[in-house]
Protein chains: 2
Amino acid sequence: MKKGKLLPNYSAVELKIERHKEKEFYKKHGLPTPNFFIAENGNDALNILKKEFNNIGVIKKSRGGYDGKGQYFIKNDLKEFEFIKEINETFVVEEFIQFDYEASIVATSDGHRIKCYEPTYNYNEKGILVYNYGPLENQKVKFKMREIAEKLARILNYVGTFAIEFFVKDDNVLINEFAPRVHNTGHFTLDAAYVSQFEQHIRAITNLELAEAKILKPSGMVNILGINKIPEEVLKYGKLYWYGKEEVRKRRKMGHVNVVGDSIDEVKMKIEKIMKIIYKDELYELL
Amino acid sequence: MKKGKLLPNYSAVELKIERHKEKEFYKKHGLPTPNFFIAENGNDALNILKKEFNNIGVIKKSRGGYDGKGQYFIKNDLKEFEFIKEINETFVVEEFIQFDYEASIVATSDGHRIKCYEPTYNYNEKGILVYNYGPLENQKVKFKMREIAEKLARILNYVGTFAIEFFVKDDNVLINEFAPRVHNTGHFTLDAAYVSQFEQHIRAITNLELAEAKILKPSGMVNILGINKIPEEVLKYGKLYWYGKEEVRKRRKMGHVNVVGDSIDEVKMKIEKIMKIIYKDELYELL
């Protein structure tokens, strides 16, 4: 890949255009990721799902999917997904991972050194992040995530902030995907880290000194999805970031609430309070 | 005082127009402050200094002084200050306080409750803040500062963020002055508090819920005075806030560097490093 002026460089961003290339990249470099096959079209995808994964797995469009769009989780309920047959696009067909939890690491590389924030637990629903908190406590898992982040940054000669999302089972991690940019699961760094993922990114791409990616306290974040009005009461528990988007749409990220606490338990308690204030019992209708 | 729409209300801001009224306010309400006399002009001021304080004290213009402007510290070197005689303005003549250190508290009141940040140690030179750090460790002193902040806010029916600067000797505190606004010694809250003094102020004056004024870690700040270029190396130790002022002038506050650490000692070490990087040995020439 030719080196240009773009930071992060094109080869890192390019990986995100087609999901099957991202998956092949992990395979090629021995980076752990759920087993997968590439299908040339929807019909092939369904056939592969049957043959290789016994009709339990995930079929993902190679292009254009994010926040769970273009991803189909299939568990024997093939009838519902007949429509995939008609789609003439490249798909990735992935094994279904029965993970304990999802997690992510946010890191910044200046091309030489890498600074990793503490990984977080992420709670996604229908492929979209609802809340996350950290730091993650399993040291083995954290070590593996940092090793993978370092390796990925090195291979890609990455400059800037990026995130990697994982599935975690026991002490094992599998890469779900990586994001060559600041990340929703790193928003807590605005309030709980010495320097935020945004400032670290700017420092990296302008060739300034990176700061230590230190977390000051346990912390987390609740996404505001598909709602453009929330009760003032959330301010008791967190700090509101409102994106000022004019139009509210289903699942749209309208803002988030950052939370800091003296312990993980305090953070979890605050997240629970905020979830109740924001969504009452309507989260599933909104997603 | 009539109640208007201004927050903080006019009676609080008015106190800052004339220093002698601010001092009389403290006296009237039993708030501890250095002994003082009011002089109608410069000639009287010098006479009072001689008669009451044996030619050791501080003569301050009642109007227009800030960052040490219009303040004269006199220790028997009267010759140098002859020029004061010619000034036909009201002055405050204050006893000279041999304090152990200066300190301040930043707090926010919503008119009912008050949230106080941890007080900090302040290092001033020629009446201008050079750096500060906290939290202050003397519990008795902290308690007294909080009590005074609460009393002041109550008397003034104050809404918004404010600061009080103190002289501290042993366990005793004297009010130097108060500031009805966000304060230079509260800038650390941008990086080391759950919610900054600025957001607290906005919450207060817009009648939103105040956040806990919690400090996440020991922290501090170094002012960038009279310089418009500093070495990138400071970013190793702190986070830079640059005010973008076009013109650099002697003593002008051009920006500041915020510092966070796991201990007060780490914060002090970082401040020392930053002081050396920014000022080399030129601080006194710049002030």
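Relevant structure appears above.
Residues numbered from 1 in each chain as written. Chains lettered and ligands numbered in written order. Predicted model: local features only at pLDDT ≥ 70, side-chain atom pairs only at ≥ 80, totals over all residues. Heavy atoms only, no water.

**Digging into the relation of the copies chain B and chain A**
Stage number 1. Mapping chain B onto chain A leaves a residual RMSD of 0.1 Å; the transformation is a rotation of 180° accompanied by 0.0 Å of translation along its axis. The two molecules are tied by a two-fold rotation axis, judged by turn and shift. Within chain B, the C-alpha atom positioned nearest to the axis of rotation is that of B:L216, 3.1 Å from it.
Stage number 2. Here 100% of the contact residues of chain B are again contact residues in chain A; the copies associate through an equivalent surface. (Least-squares fit on C-alpha atoms with pLDDT ≥ 70 in both. Contact = heavy atoms within 4.5 Å.)

**Notes on the side chain of A:K60**
Stage number 1. Tracing the sequence through the fold places A:K60 in strand β2 (residues 56-61).
Stage number 2. Filtering out sequence-adjacent residues up to four positions away, A:K60 remains in contact with A:R19, A:G70, A:Q71, A:T90, A:F91, A:V92, A:E94 and A:N176. (Helix = DSSP H or I, 4+ residues; strand = E, 2+ residues; numbered from the N terminus.)

**Things to note about unusual backbone geometry**
Stage number 1. Note that the residue after B:L7, namely B:P8, is joined by a cis bond; omega there is -10°.
Stage number 2. Relative to the helices and strands, B:P8 is located in the segment before α1 (10-14).
Stage number 3. Of note, A:N55 is a non-glycine position whose phi angle comes to about 65°, a positive value.
Stage number 4. Structurally, A:N55 can be placed in the loop between α3 (42-53) and β2.

**Comments concerning the sheet that holds β2(A)**
Residues and elements named next belong to chain A.
Stage number 1. With respect to topology, four strands assemble into an open sheet ordered β1-β4-β2-β3, the strand pairing being antiparallel. Both outer strands of the open sheet, β1 (36-39) and β3 (71-75), are each paired with one neighbouring strand and no more. For this sheet, the mean inter-axis angle between neighbouring strands, taken without regard to orientation, is 20°.
Stage number 2. Two strands pair when backbone bridges link them, and β1 and strand β4 (residues 91-95) are joined in this way by four bridges, in the antiparallel orientation. For I38, the partnering residue across the bridge sits in β4 and is V92.
Stage number 3. Where helix α2 (residues 19-28) meets the sheet, it contacts β1, β2, β3 and β4, and its direction lies at approximately 145° from that of β1. (Pairing = 2+ DSSP bridges. Axes fitted to C-alpha atoms, helices over the stretch in contact; angles between N-to-C directions.)

**Considering helix α7 (residues 264-279) of chain B**
All names here are of chain B.
Stage number 1. Under the 1.5 Å per step criterion, the end-to-end length of α7 is 22 Å for 16 residues, consistent within 8% with the ideal 22 Å.
Stage number 2. Restricting attention to buried positions, one finds in α7 the residues I264, E266, V267, K270, I271, I274, M275, I277, I278 and Y279.
Stage number 3. Along its buried surface, α7 packs onto β8 (128-134), β11 (219-225), β13 (253-260) and α8 (283-286).
Stage number 4. At the C-terminal side of α7, K280 shows a positive phi close to 45°. (Expected span 1.5 Å × (residues − 1). Buried < 20%, exposed > 50% of the residue type's maximum accessible area, 1.4 Å probe, protein only.)

**Quick look at the packing of aromatic side chains**
Stage number 1. Across all of its chains, the model carries 22 aromatic pairs over all chains by this definition.
Stage number 2. Between A:Y101 and A:Y121, the aromatic rings sit 5.0 Å apart at their centres with planes inclined by 55°, giving tilted as the arrangement. Separated by 20 residues along the polypeptide, A:Y101 in strand β5 (residues 101-110) and A:Y121 in strand β7 (residues 120-125) bring together distant segments of the chain.
Stage number 3. Geometrically, the ring pair formed by B:Y72 and B:F81 is tilted, given 6.2 Å between the ring centres and 55° between the ring planes. Just as B:Y72 is buried, B:F81 falls in that class too.
Stage number 4. Through a chain of ring-to-ring contacts, three or more aromatic side chains come together here, namely A:Y101, A:Y121, A:Y123, A:Y131 and A:Y133.
Stage number 5. In this structure, A:K27 packs its charged tip against the face of A:F36, placed 5.2 Å from the ring centre.
Stage number 6. Just above the ring of A:Y194 sits the side chain of B:K270; from NZ or CZ to the centre is 5.8 Å. (Phe/Tyr/Trp six-rings, centres within 6.5 Å; stacked < 30°, edge-to-face > 60°. Lys NZ or Arg CZ within 6 Å of the ring centre and 35° of its normal.)

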